[in-house]
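Inside the fold
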Amino acid sequence: MMLSRKLSFYLQLLFTLLVCAFLIVPVVLSALAGVTANFFVGLESGLTLSWLAQVIDLYTDTIYLSLLIAFACLVITLIIGVPAAYALARMGGRSARIIEETIVLPVAVPGLAIALALILSYGGFREFRSSWLFILVGHVLYTLPFMIRSVLAVLSSIDFKTLEEGAASLGAGFWYRLKTVVLPNVRPGILAGSLMVVTLSIGEFNLTWMLHTPITKTLPVGLADSYASMRLEVASAYTLIFFIMIVPLLIAMQMLSASNKAKTTKHSVTKNIGS
Amino acid sequence: MQQAVIPKLILMMLPMAIIFLAFFLVPMAQLAVVGASGEQGLAAYASIINTPRHLQSMIATVMLSAVVTLAALVVATIAGLFLVRNEFPGRQTLIALLTFPLAFPGVVIGFLVILIGGRQGLVGDISKALTGDKLVFAYSMVGLFVGYLYFSIPRVILTIMAAAEKLDPALEEAARSLGAPTWRVVYDIILPALKPGLIASGAICFATSMGAFGTAFTLATKIDVLPMTIYTEFTLNANIAGAATLSIVLGVVTWLALFIARSLSGSTVAASG
Amino acid sequence: MNSNTSVQVINCGKTFEDGTQALQPINLEIKGGETLVLLGPSGCGKTTLLRIIAGLETLDAGGQVLFNGEDVSHLPVEKRNIGMVFQSYALFPNMTVRDNIGYGLKVRRQSLADRQTRIQEMLAMMHIENLAERQISQLSGGQRQRVALARAIAVRPKVLLLDEPLTALDALLRERLRVEIDTLLRSLGITAIYVTHDQSEAMALADRIVVMSNGRIAQQGTPREIYQQPSNSFVADFIGTANKINGRMTDQGFEVEGVVLPKSILNVVGGNSTSANPIQTQAIFRPEDTEIVSQDQAHFNGQVASTFFMGDRTRLLVDGISESPIIVETTFKQEISIGTEISIRIKDQGLMLLPDELIEDLPKEIVEKTEQ
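Residues numbered from 1 in each chain as written. Chains lettered and ligands numbered in written order. Predicted model: local features only at pLDDT ≥ 70, side-chain atom pairs only at ≥ 80, totals over all residues.

A short note on the overall build of chain C
The cut-off we apply is this: Numbering of helices and strands starts at the N terminus; helices are DSSP runs of H or I of at least 4 residues and strands are runs of E of at least 2. Any residue pair is listed as a contact if its two C-beta atoms, each placed from the backbone, are within 7 Å.
Helix and strand counts for chain C come out as ten helices and 20 strands. Taking the principal axes of the C-alpha coordinates as reference, chain C spans close to 75 × 50 × 40 Å. Across chain C, every contact between residues at least 6 apart in sequence was considered, and the portion connecting residues at least 24 apart equals 69%.

As for the overall build of chain A
What counts is decided by this rule: Put simply, a residue is buried when 20 or more other C-beta atoms lie within 10 Å of its own C-beta and exposed when 12 or fewer do; between those, it is partly exposed, and each C-beta is set from the backbone.
Along chain A, the regular secondary structure elements total eleven helices and two strands. Projecting the C-alpha coordinates of chain A onto the three principal axes gives extents of approximately 70 × 70 × 30 Å. Counting every position in chain A, which comprises 275 residues, the buried fraction comes to 47%. Taking as baseline every contact in chain A between residues at least 6 positions apart, the subset at least 24 positions apart corresponds to 74%.

Here's the deal with the interface of chain A and chain C
For the record, the criterion: Charged residues are taken to be Asp, Glu, Lys and Arg, nonpolar residues to be Ala, Val, Leu, Ile, Met, Phe, Trp, Tyr, Cys and Pro, and polar residues to be all remaining types, Gly included.
Contacts between the two partners involve 22 residues from chain A and, on the opposite side, 28 residues from chain C. Looking at the side of chain A that touches chain C residue by residue, the classes come out as nine nonpolar, ten polar and three charged.

Let's talk about the confidence of the model for chain C
Close reading of the predicted structure is inappropriate where its pLDDT is low. All names here are of chain C. The condition is simple: Per residue, pLDDT measures the predictor's confidence, with a range of 0 to 100.
Here chain C shows a mean pLDDT of 86. Residues at 70 or above account for 91%. Overall, residues 357-372 carries pLDDT values under 50, and its contacts beyond four positions in sequence, including any with other chains, amount to 18 contacts. Predicted complex, confidence summary: ipTM 0.84, pTM 0.83.

Things to note about the sheet that holds strand β18 (residues 326-330) of chain C
Residues and elements named next belong to chain C. Quick reminder of the rule: DSSP calls a pair of strands paired once it identifies at least 2 bridges connecting them. Interaxial angle, 0 to 180 degrees, is taken between N-to-C directions of lines fitted to C-alpha atoms, where a helix line uses only the stretch in contact.
If you walk across this open sheet you meet the five strands as β15-β19-β16-β17-β18, and the pairing is antiparallel. The outermost strands of the open sheet, each flanked by one partner alone, are β15 (290-293) and β18. Ignoring which end each strand starts from, the neighbouring axes of this sheet average 50° apart. As judged from the four bridges shared by β15 and strand β19 (residues 341-346), these two strands associate in the antiparallel manner. Bridge assignment links E291 to a residue of β19, and that residue is R345.

With respect to the sheet that holds strand β8 (residues 191-196) of chain C
All names here are of chain C. Taken in spatial order, the six strands of this open sheet run β6-β7-β8-β3-β9-β10, and their pairing is mixed. Two strands in the sheet have a free side with no partner beyond their single neighbour: β6 (82-85) and β10 (216-221). Taking the axes of each pair of neighbouring strands and ignoring which way they run, one obtains an average angle of 15° across the sheet. By the bridge criterion, five bridges tie strand β9 (residues 208-213) to β10 in an arrangement that is antiparallel. Residue pairing for β10: M212 is matched across the bridge by I217.

Notes on the interface of chain A and chain B
Across the boundary between the two partners, chain A contributes 63 residues, which contact 69 residues of chain B. Of all the elements in the fold, those that place two or more residues in the side of chain A that touches chain B are α1 (2-35), α2 (50-91), α3 (93-108), α4 (111-122), α6 (132-157), α8 (174-203), α10 (219-229) and α11 (232-273) of chain A. At 13 residues, α1 of chain A tops the list of elements feeding residues into the side of chain A that touches chain B. Of the residues in the side of chain A that touches chain B, the class split is 49 nonpolar, eleven polar and three charged.

Things to note about unusual backbone geometry
All names here are of chain C. Its identity as a non-glycine residue notwithstanding, H127 has a phi of 55°, on the positive side. Tracing the chain through its elements places H127 in the loop between α3 (112-125) and α4 (141-154). Not every positive phi belongs to a glycine, and R156 is a case in point at roughly 45°. Structurally, R156 is set in the loop between α4 and β7 (159-163). For R156, a count of 15 C-beta atoms within 10 Å corresponds to the partly exposed category.

Things to note about the environment of R126 of chain A
Along the chain, the position of R126 of chain A falls in helix α5 (residues 126-129). Between the C-alpha atoms of R126 of chain A and P106 of chain A, which are 20 residues apart in sequence, the distance is 24 Å.

Observations concerning α3 of chain C
This is how the line gets drawn: By definition here, a helix of n residues has an expected span of 1.5 Å times n minus one.
Over its 14 residues, α3 of chain C runs 20 Å from end to end, which matches the ideal 20 Å to within 8%, given 1.5 Å per residue. With its phi angle positive at about 55°, H127 of chain C sits one or two positions after the end of α3 of chain C.

Brief notes about the pairing of strand β13 (residues 259-262) of chain C
All names here are of chain C. Relative to β13, strand β12 (residues 253-256) runs antiparallel, the two sharing four bridges. Paired with G253 across the bridge in β13 is P262. Counting the residues in the hairpin turn of β12 and β13 gives two residues, including E257, whose phi is positive at 40°.

Observations regarding the confidence of the model for chain A
For chain A, the mean per-residue pLDDT works out to 86, and 93% of the residues sit at or above 70. Element-level mean pLDDT values for chain A span from 74 in α11 of chain A up to 94 in helix α7 (residues 160-169) of chain A.

Brief notes about the packing of helix α7 (residues 141-166) of chain B against helix α9 (residues 182-211) of chain B
In helix packing, the relevant descriptors are the interaxial angle and the interaxial distance, both defined with respect to the helix axes. All names here are of chain B. Selection rule: Geometric relationships in this document are graded by angle, where less than 35 degrees denotes roughly parallel, more than 145 denotes roughly antiparallel, 65 to 115 denotes roughly perpendicular, and other angles denote oblique. Left-handed describes a crossing whose near helix is turned anticlockwise from the far helix by less than a right angle; the clockwise case is right-handed.
One can describe the packing of α7 onto α9 by two numbers: an axis separation of 9 Å at closest approach and a directional angle of 160°. One finds that α7 runs roughly antiparallel with respect to α9. Crossing handedness for the pair α7 and α9: right-handed. Within the contact between the two elements, α7 uses Y148, S152, R155, V156, T159, I160, A162, A163 and A164 and α9 uses A193, L194, G197, A200, S201, I204, C205 and S209. The residue makeup of the contact of α7 with α9, split by class, is eleven nonpolar, five polar and one charged.

Re the pairing of strand β2 (residues 21-30) of chain C
All names here are of chain C. In this structure, strand β1 (residues 7-15) lies alongside β2, joined through six bridges in antiparallel fashion. Bridge assignment links Q8 to a residue of β2, and that residue is E29. Once β1 ends, the chain turns through five residues before running back antiparallel as β2, passing G19 with a positive phi of about 95°.

Notes on helix α4 (residues 91-99) of chain B
In plain terms, the rule: An arc is given here, and it is the one of the directions from the helix axis to the C-beta atoms.
Along α4 of chain B, the residues that are buried comprise I95, L98 and T99 of chain B. For α4 of chain B, the arc enclosing every buried residue in end-on projection is 85°, short of the 170-degree limit, so these residues lie on one face.

Notes on the environment of V84 of chain B
All names here are of chain B. Examined against the element boundaries, V84 turns out to sit in helix α3 (residues 52-85). V84 gets classed as buried once you count the C-beta atoms within 10 Å, which come to 20. Through-space distance from the C-alpha of V84 to that of I95 is 9.6 Å; in sequence the pair is eleven residues apart. Look past the residues within four positions of V84 in its chain and what remains in contact with it is M161, A164 and E165.

Quick notes on the environment of L13 of chain A
With respect to the helices and strands, L13 of chain A occurs in helix α1. Between the alpha carbons of L13 of chain A and L163 of chain A there is a distance of 45 Å; along the sequence they are 150 residues apart.

Here's what the structure looks like:
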């Protein structure tokens, strides 16, 4: 009995490790390829930073543009998304659900279709079409649901209506309650949403490929470009830079969700202890 | 108090509503109209069935997405349950690594597939060393399958783990106290409890696979999945109406998958890209 | 002067959007400085009434809430100058204990120095000085309760509203805090409205209890009146334990299935008619108003169906007297075995007649519930 359990444990562990290898090995491979003198020959050819230098030389503007769009996208989703999420949570009921359902549509509908729709409707405005703002619109549509959902999730996990009633009973008006009670308490949700928005915006390709112009190339567009036309080492070095940008965001996201989890369990423990 | 608040709530929702209306609802409606504005009119929407090339690409996309979904669910359930139900050193790291590629874009995943299964890929090198034949699969449906599996696994694992953690341990203890062996516990208690999560994450997996464009774009323009067909129609053939109809059909199919999953699982399916 | 705010509830009803009527139009007056307890089972409308008084719930048309004679019906909660303690406490997790207590003062734009003084006063009053800098998540249930009280009182509200403030605590702590709240309310002399479903809490704290059922007032009065002269069988049942018997009022006394209970045991304080009444009437008596006696003194005879030893007394269920077993309490030290034939007497003034019309007046479900 004991033995068979052990065996099944190791079989499952092995399986999980294989899955993990499937996900991680290519990333490591790509990172290595980016700093290897000649990937075809292998590591024996020596390590070099010249590919990275070449990428920075060729593609720096794509990196800047991606950061600019991600930042602008974050600002907009914060300004329009957080109040909307609160309003939805506060309204509740059927109409709020329908609105939420609609807002999530850009995630369900393939980016290609949205991009096509945007081009058909607004492609005629030359100035707009050829500026980075055109890409920004797509990114806002695509990332907004994540911000709203993230804030909504926190709002539904704290009893914000009662907290607000508490504040109101002490004399606080609507906007003051928002500032002093609601906003500080949904901060984890806003933070998680923000990380998600920035990460997704930096990596967005489906929409961006259709919306970009030769002078508005983002990082993923540049990546696709390099995959098609550059040697493997350059493409790898470029991918490596992308990883370097995005990995801290992913780690921050994981840490945030871990700390939120720890907080909620700690909270419930103290609740159960009583006096 | 309620009544006085409603105008403020509407005010707070207004900016989002305006942007959403102007840049999503109106353009999508326009897209649907353009789709029907070709010579065929509304019948253009039937072209997906009438045009063999479109129908083929539709069927291929659906099949691929379904197979990917199934595979991802099986793999992620085994790994996810294992990680939740066992305590061992390195577990946290393993979880972190498994959920890490969550936000990798499709293009990058396509490139990673090339690194594994491409002409200079790892699998090719290994197979050449072993059998003398170079195994290259990246530039075909198999490559696409591998790529979609790659980006599906982290998502599904996360959902499964979240659902499994919520499982009341007392249920399993009760089943065991009644004499149920492990496989019965899994079959009778754990899988039913995971069902909503499985349906939800399966639907997301299916929907993303249907609409994914970046991976196919990186691997090869020859792979005939619907997003690639749309892209080709739009850019190479300048068939705007055709691209529009296909986009609308694709959008409806993916949305439908999510919608059905939601009504089946009874909870809100967190759609994610 | 704040402590003397009176509250008048005039014709206050509440119908929710889905059409359920949570509260029938109710009239109620709370005198300045009085502690009024709204008591009733869950869903009886007591919390709705409290929230209407607070301004957290809108009123059906025609209703009015007056503070000191001034109509506040159209003021939102934040303008009513009340203090409220919530069942879940609603403490702000993003603030320390000190900031929670000072929140209402800050809203009122008091100077920092004034605020600090008042906060210190509150901390001292609630004996939580050492918790001032703590986060809410670091507090136990009892400590949270104290902070919630301090926060509500700090703003010197006109009326203090408490919504089941002790429900989330365990029994021992509940009892201790009940005493503290009682002392606090008496010493502040503040007008307080306290919602609970716990009758012992209500009895201990109230100047006056309003028993509610199905969105109506079932009875109001001092705790003593409510317990000793319940005006209907719902109240009799909800407050304490009551045995019910059906009979008829005759010139000799209360007649139950051929046995005539003498008028001497009737409780006439309530002024209920003890004159002959040929129609079926209900009477009730409390378990503690019975005694086990020798057969010649007995009003009833029956067999012990089950016994519950409760330490200071023993509770017996006795069959053979009424349709359902009669509950009797005795301080006998010896064990009484099941099946024993015993004779029971109702103590003088132990039998209370219930007016019929009020029973019919109650909603149907309650009548059914009390008759089963």
